[in-house]
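Breakdown of the fold
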Amino acid sequence: MLEIELDGKKVSVPEGSMVMHAADAAGTYIPHFCYHKKLSIAANCRMCLVDVEKAPKPMPACATPVTQGMIVRTKSDKALKAQRSVMEFLLINHPLDCPICDQGGECQLQDLAVGYGGSSSRYEEEKRVVFPKDVGPLISMAEMSRCIHCTRCVRFGQEMAGVMELGMQHRGEHSEITTFVGQTIDSELSGNMIDICPVGALTSKPFRYSARTWELSRRKSVSPHDSTGANLIVQVKNHQVLRIVPLENDDVNECWIADRDRFSYEAVNSPSRLTTPMIKQGGEWVSVDWNTALGYVADGLKRVKGEFGVSGIGALGSAHSTVEELHLLAKLVRGLGSDNIDHRLRHADFTAGEGTRWLGASIASLSSLDRVLVVGSFLRKDHPLFAQRIRQAARRGAQVFSLNAAQDDWALTLTGRLAAAPDAWAQSLADIAGYIASANGVAAPANAMVSAEAEAIAQALLTGSQKAILLGNAAAQHPQAATLLSLANWIAAQTGASVGYLGEAANSVGAQLVGAQPRNGGLNAGQMLSQPMKALLLLNVEPVLDAADAAAARAAMQASGLVVALTPFKDAAVDNADVLLPISPFTETAGSYVNAEGRLQAFHGVVKSLGDSRPGWKVLRVLGNLLGLEGFSQETVEEVRHEALGNVASLAERLSNASKASATPLAPAAAGLQRLADVPIYSTDSLVRRATSLQLTADAKPPVASLPAALWAELGLREGAKVRVTQGSASVLLPAKLDASLAAGTVRVPAGHPDTAGLGAMFGSLTVAAA
């Protein structure tokens, strides 16, 4: 630690700190624009000039290292004169358009101009003009004349998002921040550039001209999308959500959020919202009141139970639903005498045991790992903020390895990659285990055929101190998921690594904790979506888009009896539903999610429910009462939460990735082409599917069939060609794309999208023919 004197106060800071860090520790504010605590130091705005004793001129506080005994004055005449001079230069070319600027009211330049700017300008020359740029549907660069060239956006792209989409061209007053040759900004974290821009140069295109910042009320919330559980501030005007920004929490999302966390609010204001209960009569939807709708559902369930028993009654709940909703859904079904309840809609293997699967470590620890093996994950799009954490670890020297059939650009440097067709993933892990067994002098869990890639991964895992084996969405959804977990556990036990699931949805851990899956021989999601049910309750589920086998789900739903959909949207993809019950999205209800690390995070509704929609937990509670079931008398969401989770202090003790499954890989599938299915980032849940701006991004483009090089050549395809992909009796015509990173015999066809909803299993055999 070094001790310096700052404005007459003694401050101790670690060696290597800058004067700005010392000022933060002392609670002293130094004006700045380009400095940001999460980004590298640029020192190009010069607003933080301070008076350092014995220095010949004012020094930038953000880039001046502290030395023992240094004396710094931030409020001396010398410092203040330098700061005022910098402000005068910054305002020379800045347009005087605060009254129409979206940044007005929360603008750093505006705030500091009050304290350090003059009342008039000495410059009479014309101000420079920078022409607007169209960089996509999310970020507006229409007023780049406001830019002060702090380069925060450039550094964010390079360092946090991992993609340098913005850069600076020209010099001096001709400098411009722009994209490369007119390209769009496509990063899944791009919206953070809006937050860190200290002026009104980068603004939110969906929010543009919607409200003044001081008109907005602010409420804390939690993202309902991925398993990070990003903390949010939801901003509201006239009972309408108009903007979402991050709430800083270093343990979870730091000060960043993904674009789907930021812009999915458009769906809650969309015309597709369901605002009144509806019953299908004679093939037509008829609006009814709540008493009629719930009475119809209750009578229907009683009739099915009386005629067919409880074996044909089931419920499917999305893991994007809250703890309270999933608890009451499971309680209702079990109250009827059935154990047919599940949330694992995209899974193919339900034999992984009774453990509650989780990340296996804290989210914050991802940033400090030095060895990482990621199995079966489309990391950057599945988990943008986890990818950002691992990207920081890689920047610090961590070795990151991937096992997958494809290798997307994760915007980080991979140390090694093991490419294998999906049915060979388990054998690939066995190969890694084989080398580790040989090195440790123990018996291998399965026969191994050690390759150079497997050996490199094994050697890396045998070294280092902080190590993790992370199983992605595709590993959880894999037909050999239990075997993958068992092999990962064996490798971890031999190398001292942790094992964890990255988690598919905001409440995947919570859904397991509240028992939203069969316990006593009930039907799992795969069974309920592959056979007709006499009665089926769907909570935030669109079966053909959320199922592991879309074709089987469509056929099963068409042959099912009473189908009740609890959904916020009237256009929910449940074509054969008999009843639509309008429930509130996360902005209009109270509840909680348990994120990947097992952290329980509660939130409250920020606006009143739209029309006659009601919070899902209240709808299920009333339905339980109408069915005459016990235990549905809760008055508050806190009562439901306490009943669902009990003592939340013991949540960590209930999390386990242990597995009793065999570590012996199953025999590979018969020769032929295998499907690898990712779920595009803006197709994962009902909210992002209906967020207009997100659906205009590059990541929301219609799906294509990606083919490995050998198959591409075999079919004689050229750029722009189309192929017919066939699974069973279903086939679709898709544009074709060459992907040289794909493992041989693998064809990548996304799931969760209407264009591919006619196909079968996410992991299954298929055929491809030139169109």
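One numbering rule holds for all chains: residues counted from 1, following each sequence as written. Owing to the predicted nature of the model, reporting of local features is limited to residues with pLDDT of at least 70; listing and counting of side-chain atom pairs is limited to 80 or more, with chain, interface and lining totals taken over all residues. Only hydrogens and water are set aside; all other atoms, that is, all heavy atoms of the structure, feed into the side-chain values.

Labelled according to an unreviewed UniProt entry, the chain appears under the name NADH-quinone oxidoreductase, originating from Ideonella azotifigens. The UniProt entry for the chain carries the following comment under Catalytic activity (unreviewed entry): "a quinone + NADH + 5 H(+)(in) = a quinol + NAD(+) + 4 H(+)(out)". UniProt positions are given in the numbering used here, feature names are shortened, and annotations may be inferred rather than shown by experiment.

Describing the overall build of the chain
Helix numbering and strand numbering both begin at the N terminus, where a helix is a DSSP run of H or I of at least 4 residues and a strand a DSSP run of E of at least 2. Of the regular secondary structure elements, the chain holds 22 helices and 33 strands. With C-alpha atoms as the basis for the radius of gyration, the globule rule is written as 2.2 Å multiplied by the number of residues raised to the power 0.38. On C-alpha atoms alone, the chain measures out to a radius of gyration of 28 Å, which is about the 28 Å that the 2.2 N^0.38 rule sets for 771 residues. Overall, the chain is about 90 × 65 × 55 Å in size when its C-alpha atoms are taken along their principal axes. Each residue is assigned to one of three classes by its accessible area relative to the maximum for its type, calculated with a 1.4 Å probe on protein chains only: buried under 20%, partly exposed between the two thresholds, exposed over 50%. Out of the 771 residues belonging to the chain, those deemed buried represent 61%. In what follows, a contact means two residues having at least one pair of non-hydrogen atoms within 4.5 Å. The long-range fraction of contacts in the chain, counting pairs at least 24 apart against all pairs at least 6 apart in sequence, stands at 72%. All accessibility values rest on the Shrake-Rupley procedure with a 1.4 Å probe; residue burial counts only the protein chains present in the view. Total accessible area on the chain is roughly 29,800 Å²; 52% of this is exposed by carbon and sulfur atoms. For the purpose of charge, His is not counted, nor are the chain termini; Lys and Arg are scored as positive and Asp and Glu as negative. Note that the charge is assigned to NZ on lysines, CZ on arginines, CG on aspartates and CD on glutamates. When the 70 positive and 75 negative side-chain charges of the chain are each reduced to one mean point, those points stand 2 Å apart.

Some remarks on the nonpolar core
In these notes, a set of buried Ala, Val, Leu, Ile, Met, Phe, Trp, Tyr and Cys residues joined through side-chain atoms within 4.5 Å is what counts as a nonpolar core. Counting 74 residues, the largest nonpolar core has Phe33, Ile139, Phe156, Leu166, Leu202 and Val241 as the members making the most contacts within it. Those elements giving two or more residues to this core turn out to be helix H2 (77-92), helix H3 (108-116), strand E7 (139-141), helix H4 (152-161), helix H5 (192-196), strand E12 (231-237), strand E13 (240-246) and helix H21 (686-689). Setting aside anything within four residues of it in sequence, one finds valine 241 in contact with Val234, Gln235, Val236, Tyr265, Val268, Asn269, Thr587, Val606 and Val607. Counting 50 residues, the second largest nonpolar core, distinct from the first, contains Ala298, Ile341, Trp617 and Leu620.

Notes on the pairing of strand E16 (residues 313-317)
Counting buried positions over the five residues of E16 gives five, a clear majority of the element. Residues of E16 alternate between two faces, with Ile313, Ala315 and Gly317 on one and Gly314 and Leu316 on the opposite face, all of them buried. Between any two strands, at least two bridges found by DSSP are needed for them to pair. Pairing of E16 with strand E23 (residues 535-539) involves five bridges; the strand directions are parallel. If you follow glycine 317 over to E23, its bridge partner there is leucine 539. In this structure, E16 lies alongside strand E17 (residues 341-342), joined through two bridges in parallel fashion. When the bridges of E17 are listed, alanine 315 appears paired with isoleucine 341. Handedness of the crossover is the feature at issue here: the chain leaves E16, passes through helix H8 (residues 323-335), returns alongside E17, and the resulting connection is right-handed. With the strands pointing away from the viewer, any crossover whose connection runs clockwise from the first strand over the helix to the second is right-handed.

Thoughts on helix H14 (residues 481-495)
Expected helix span is given by 1.5 Å per residue-to-residue step, counting one fewer step than there are residues. Between its first and last C-alpha, H14 extends 21 Å over 15 residues, near the 21 Å set by a 1.5 Å rise per residue. Where burial is concerned, most of H14 is hidden: twelve out of the 15 residues are buried. Every buried residue belonging to H14 is among Ala481, Ala482, Thr483, Leu484, Leu485, Ser486, Leu487, Ala488, Trp490, Ile491, Ala492 and Thr495, and all of these are buried.

A short note on the UniProt feature "domain: 4Fe-4S His(Cys)3-ligated-type" (unreviewed entry) in the chain
Sites flagged by UniProt as "domain: 4Fe-4S His(Cys)3-ligated-type" (unreviewed entry) map to residues 78-117. Here residues 78-117 is 60% helix and 0% strand, with 16 Å between the C-alpha atoms at its ends.

Digging into the pattern of salt bridges
By salt bridge we mean one thing: a side-chain nitrogen of Lys or Arg within 4 Å of a carboxyl oxygen of Asp or Glu. All told, the structure shown has 35 salt bridges when counted by the stated rule. Across the salt bridge formed by arginine 73 and glutamate 53, the nearest N and O atoms sit 2.9 Å from each other. Note that arginine 73 is positioned in strand E5 (residues 71-73) and glutamate 53 in the loop between strand E3 (49-52) and strand E4 (59-60), a separation of 20 residues in sequence. One connected set of salt bridges, linked through shared partners, spans Arg346, Glu542, Asp546, Asp571, Arg689 and Arg690.

Quick word on the side chain of asparagine 93
By the secondary structure assignment, asparagine 93 is in the loop between H2 and H3. On the accessibility criterion, asparagine 93 (15% relative accessible area) is buried. Engagement of the side chain of asparagine 93 in a polar contact is seen with the backbone nitrogen of arginine 128, the distance being 3.0 Å. Pairs of N or O atoms within 3.5 Å make up the polar contacts considered here, provided that, within protein, one atom can donate a hydrogen while the other can accept it, and that residues adjacent in sequence are counted only when both atoms are side-chain atoms. A polar side-chain atom of asparagine 93 sits 3.3 Å from a polar atom in the side chain of glutamate 173. Once residues within four sequence positions are removed from consideration, asparagine 93 is found in contact with Glu126, Lys127, Arg128, Ser145 and Glu173.

A look at the packing of H4 against helix H10 (residues 384-395)
Lines fitted to C-alpha atoms define the axes here, with helix axes fitted over just the stretch in contact, and angles between the N-to-C directions of these axes take values from 0 to 180 degrees. Orientation of H4 relative to H10, taken along the N-to-C sense of each, is 85 degrees, at an axis distance of 9 Å. One element, H4, and the other, H10, form an angle in the roughly perpendicular class. When H4 is examined against H10, the residues Gln158, Glu159, Met160 and Ala161 are found in contact with a partner set consisting of Gln388, Arg391, Gln392 and Arg395. When describing relative orientation, an angle under 35 degrees is termed roughly parallel and one over 145 degrees roughly antiparallel, while 65 to 115 degrees is termed roughly perpendicular and anything else oblique.

Notes on the sheet that holds E4
Read across the open sheet, the five strands follow the order E2-E1-E5-E3-E4; overall the sheet is mixed. Looking along the sheet, the strands with just one partner apiece sit at the ends: strand E2 (9-13) and E4. Here two bridges tie strand E1 (residues 2-6) to E5, and the two strands are oriented parallel to one another. When the sheet's bridge partners are listed, glutamate 5 is paired in E5 with isoleucine 71.

Concerning the packing of H8 against helix H19 (residues 616-626)
Axis separation between H8 and H19 bottoms out at 8 Å; the angle between their running directions is 20 degrees. In terms of orientation, H8 and H19 fall into the roughly parallel class. Of the two possible hands of crossing, H8 and H19 adopt the one that is left-handed. In this structure, H8 contributes Glu324, Glu325, Leu328, Leu329 and Leu332 to the contact, and H19 contributes Gly616, Trp617, Leu620, Arg621, Leu623 and Gly624. Here the residues of the contact of H8 with H19 sort into six nonpolar, two polar and three charged. Two helices crossing with the near one rotated counterclockwise from the far one by less than a right angle form a left-handed crossing, whereas a clockwise rotation gives a right-handed crossing. Residues are grouped as follows: nonpolar covers Ala, Val, Leu, Ile, Met, Phe, Trp, Tyr, Cys and Pro; charged covers Asp, Glu, Lys and Arg; every other residue, Gly included, is treated as polar.

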